[in-house]
Amino acid sequence: MKSDVRPKKFLGQHFLTDMSIAQRIADTVDACPDLPVLEVGPGTGVLTQFLMQKERELKVVEIDRESVPYLKEHFPTLASQVIEADFLTTDLHALFDGRPFVLTGNYPYNISSQIFFRLLEHRDLIPCCTGMIQKEVAERLAAAPGSKAYGVLSVLVQAWYDVDYLFTVSETVFNPPPKVKSAVVRLTRNKRENLGCDEQLFRRIVKTVFTMRRKMMRNGMKQLLGAGHPMLTDPFFNRRPEQVPVEEFIQLTNNLTNNGLTRSLQC
């Protein structure tokens, strides 16, 4: 598909040029049938054209003012569903009148992590998320405890979603080619309705201990409990954060709450 739209570095745009890969990405939404689809950052519609073949309700949100008129001109039947906006600030509940939807896209590299944090904020609205991101981010999303890629994003996303790393994409199929490889992932909402703990404290603990990911949990928890707290003598804190699964972070959060320690946490 020829285009006069130029990829913009400040928007993190890398336009996909391989139609077979675009088709494969579009097919990932089939795992969540019967739901409307929202595509983020359609650019020139390389992925959009295959999503339209699904005959499902489709909307696209695009921040690039150059891409919006191009999309409306080349996809006239979709013109009324092209939304010129920033996904990170869009009212997601208003898009499909409060109905759940599938989120997909060839996500802009410069906001990929922010997209997943926004996904978590709207997890009850988005039961399924698919798309292409940097390979490094995809590996972090899917990483298991004990791996070097396991970190904050892994724990917070896996608390609510099952993550499948689907396939790797070469940097040679983009214009301009990125400096890294990409990967396609699928996130499917798990059956957990709530964490069974203080979610704000859970996030705070996870983010704090991973600031010292290569050191023992004890070092990070000192920032919250204070260096001399007796709880830190527990052998649990001899492990590094990257060795602790989601369920044990939840248990730790509850232990702090049940022991009345949250009121004394360090700021």
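Each value, and the rule that gives it
- Just so you know, the residues in each chain are numbered from 1, in the order the chain's sequence is written.
- Only residues with pLDDT of at least 70 are given local features in this predicted model, and only at 80 or more are side-chain atom pairs given and counted; all residues enter the totals for whole chains, interfaces and linings.
- The basis for every side-chain value is the complete set of heavy atoms in the structure, and neither hydrogens nor water enter the calculation.
- Secondary structure elements follow DSSP: runs of H or I no shorter than four residues count as helices, runs of E no shorter than two count as strands, and numbering proceeds from the N terminus.
- Working definition: with a 1.4 Å probe on protein chains only, accessible area under 20% of the residue-type maximum means buried, over 50% means exposed, and in between means partly exposed.
- We get accessible surface area from the Shrake-Rupley algorithm with a probe of 1.4 Å; when it comes to residues, only the shown protein chains can shield them.
- A residue counts as positive if it is Lys or Arg and as negative if it is Asp or Glu; His and the chain ends are not included.
- Throughout, a charge is located at the NZ atom of Lys, the CZ atom of Arg, the CG atom of Asp or the CD atom of Glu.
- Two aromatic rings from Phe, Tyr or Trp, using only the six-membered ring of Trp, form a pair when their centres are within 6.5 Å; if the ring planes differ by under 30 degrees the pair is stacked, by over 60 it is edge-to-face, and anything between is tilted.
- Counting as a charge over the ring demands two things of the Lys NZ or Arg CZ atom: a distance within 6 Å of the ring centre and an angle within 35 degrees of the ring normal.
- Note: two strands are recorded as paired if DSSP finds a minimum of 2 bridges between them.
- Between the N-to-C directions of two axes lies an angle of 0 to 180 degrees, each axis being a line fitted to C-alpha atoms and, for a helix, fitted only over the stretch in contact.
- Contact between two residues is taken to exist if any of their heavy atoms lie within 4.5 Å; hydrogens are not considered.
- Taking the helix axis as origin, the arc is that swept by the directions to the C-beta atoms.

1. Quick word on the overall build of the protein chain
If you tally the helices and strands in the protein chain, you get 10 helices and 9 strands. In terms of principal-axis extent, the alpha carbons of the protein chain reach across some 65 × 40 × 30 Å. Scored against the burial criterion, the 267 residues of the protein chain give a buried share of 50%. In the structure as shown, the protein chain presents an accessible area of about 12700 Å², 49% of it carried by carbon and sulfur atoms. Counting 33 positive and 30 negative side-chain charges, the protein chain places the centres of these two groups 9 Å from one another.

2. Considering the packing of aromatic side chains
For any pair of aromatic rings, the description consists of the separation of the ring centres together with the inter-plane angle of the planes. All chains considered together, the criterion is met by 5 aromatic pairs. Consider the rings of F210 and F249, whose centres lie 6.1 Å apart with planes at 35 degrees: the pair is tilted. You can see F210 sitting in the loop between α8 (199-209) and α9 (217-225) and its partner F249 sitting in helix α10 (residues 246-258), a full 39 residues away along the chain. No difference in accessibility class separates F210 from F249, as the two residues are buried. By way of ring pairs, the aromatic residues Y150, F210 and F249 are connected into one cluster. For K59, the ring lying beneath its charged end belongs to F96, and the centroid distance is 5.2 Å. Just above the ring of F87 sits the side chain of R118; from NZ or CZ to the centre is 5.8 Å.

3. Section: the sheet that holds strand β4 (residues 82-84)
Pairing within the open sheet is mixed, and its 7 strands lie in the order β4-β3-β2-β5-β6-β9-β7. The open sheet terminates on both sides in strands that have one partner only, identified here as β4 and β7 (161-169). Sheet twist, expressed as the average angle between the axes of neighbouring strands with direction ignored, equals 20 degrees. Here 8 bridges tie β7 to strand β9 (residues 182-189), and the two strands are oriented antiparallel to one another. Looking at β9, one finds that T168 is bridged to A183. Here helix α3 (residues 67-74) sits on the sheet in contact with β3 (58-62) and β4, set at roughly 170 degrees to β4. Along the sheet, helix α5 (residues 112-121) contacts β2 (37-40), β5 (102-105), β6 (128-134), β7 and β9; its crossing angle with β6, the most-contacted strand, is approximately 165 degrees.

4. Overview of α9
Residues of α9 that are buried: M217, R218, G220, M221, L224 and L225. Considered in projection along α9, the buried side chains sweep an arc of 160 degrees and stay on one side of the axis. Downstream of α9 by a residue or two, G226 has a phi angle that is positive, lying close to 95 degrees.

Fair warning: the whole summary comes from geometry, so function is off the table for now.
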